[in-house]
Amino acid sequence: MPRPPAKRPPSKPDRDGPVWIYGRHAVAAVLTNRTRHQHKLLATKNALDWLKEHGLEIGIEPVTPKLLDDSLPAGAVHQGLAVKVAPLPDYKLDDVCDPAKPGPVVILDQVTDPQNIGAIFRAAAAFGAQAIIAQDRRTPPLSGALAKAAVGAVETVPFVSVVNISRSLTRLQEIGFHTAGLAGEGATSLPEFKSDRPVALVLGAEGKGLRELVRETCETLVSIPIAPDVESLNVASAASISLYALTRG
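Report follows, based on the coordinates. Predicted, not measured: the structure shown is a model, and the values here were computed from it.

**Looking at the sheet that holds strand β6 (residues 159-162)**
- Read from one edge of the open sheet, seven strands run β6-β5-β4-β9-β7-β10-β8, paired in parallel fashion. Every interior strand has two partners, whereas the edge strands, β6 and β8 (188-189), have only one.
- One ladder, built from five bridges, connects strand β4 (residues 105-109) with strand β9 (residues 199-204); its direction is parallel. Bridge pairing in β9 links I107 to V202.
- Against the sheet, helix α7 (residues 165-175) makes contact with β4, β5 (131-135), β6, β7 (178-182) and β9, and its axis sits at roughly 160° relative to β4, the strand it touches most.

**Concerning helix α2 (residues 45-53)**
- Those residues of α2 lying buried are A47, L48, W50 and L51. Mapping the buried residues of α2 onto a view down its axis gives an arc of 155°, with all of them on the same face. For α2, the exposed residues lying more than 90 degrees away from the buried face are K45, N46, K52 and E53.
- Against the buried residues of α2 lie α1 (24-31), β2 (38-43) and β3 (81-85).

**Quick notes on helix α5 (residues 114-126)**
- Its 13 residues give α5 an end-to-end C-alpha distance of 18 Å, which sits within 8% of 18 Å, the value for a rise of 1.5 Å per residue.
- Turning to α5, its buried residues number three or more, namely N116, I117, G118, I120, F121, A123 and A124.
- The opening residue of α5, the one whose side-chain oxygen lies 3.2 Å from the backbone nitrogen of Q115, is D113.
- Of the residues trailing α5, G128 is marked for its positive phi of about 70°.

**Looking at the side chain of S242**
- In this structure, S242 sits in helix α9 (residues 235-247).
- If we skip the residues at most four places from it in the chain, S242 touches L182, L190, L201 and I224.

**Regarding the packing of aromatic side chains**
- Counted by the stated rule, this structure contains two aromatic pairs.
- Relative to F159, the ring of F121 has its centre 6.2 Å away and its plane inclined at 40°; by these criteria the two rings are tilted. Of this pair, F121 sits in helix α5 while F159 sits in strand β6, and the two are 38 residues apart along the sequence. Summarising the burial analysis for this pair, F121 and F159 share the class buried.
- Note on F127 and Y244: the rings are 6.2 Å apart at their centroids and 65° apart in plane angle, and the pair reads as edge-to-face. Of this pair, F127 sits in the loop between α5 and β5 while Y244 sits in helix α9; the two residues are 117 residues apart in sequence, bridging distant segments of the chain.
- Note on Y244: relative accessible area 48%, which makes it partly exposed.

What counts, and at which threshold
Residues numbered from 1 in each chain as written. Predicted model: local features only at pLDDT ≥ 70, side-chain atom pairs only at ≥ 80, totals over all residues. Heavy atoms only, no water. Pairing = 2+ DSSP bridges. Helix = DSSP H or I, 4+ residues; strand = E, 2+ residues; numbered from the N terminus. Contact = heavy atoms within 4.5 Å. Axes fitted to C-alpha atoms, helices over the stretch in contact; angles between N-to-C directions. Buried < 20%, exposed > 50% of the residue type's maximum accessible area, 1.4 Å probe, protein only. Arc of directions from axis to C-beta. Expected span 1.5 Å × (residues − 1). Polar contact = N/O pair within 3.5 Å; in protein donor to acceptor, adjacent residues only side chain to side chain. Phe/Tyr/Trp six-rings, centres within 6.5 Å; stacked < 30°, edge-to-face > 60°.

Here's what the structure looks like:
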């Protein structure tokens, strides 16, 4: 019998070329981010009026909604605004994660859904997270639906792309962070979790949870107390609850 084809390892998402950001709040955040190089801005008349109302008067000719539809991926909910931009700067863990600064660090272990990642960016911005760390091969580019779900937070929360999550957790421990993995079976209830060090919160993919080596590298496993008839929470919802609990004091 012929052998089944060998599985290819996941390919690394292309983050080197220009990308489209769309949606009113996401584009407005790009326009105020001086580190972003903009290639092309497309806007309908209504969207330009909206930008002006929000203090951003842009001197370009408006385009039709159809031109925007034709320029973007099928189904993109652009709200009359899209901008083609260069990728964000590459951040290194040691450059943006500092235990002397306020705010937790968020680590994503194989979380791949763009909507969830975008929502986690939004929560990270809301609760003052220092950075989001994720594996380079597993994370989609910070554009499109992800950036729209983040409502501009990809422009304000540094993103660190790493090769190995476990090694990154070890490095965070070395520089002074307490690594806490969120798991349903975590022995420590999140409301009772205390640390005298800033926290690096690790979130696993829905269903699979944290990988074994990542779980073993975490210093503490924490859990969110929920009703027994509910199996688990959406990872973005869990991130919001956890970040609130970690920063409430």
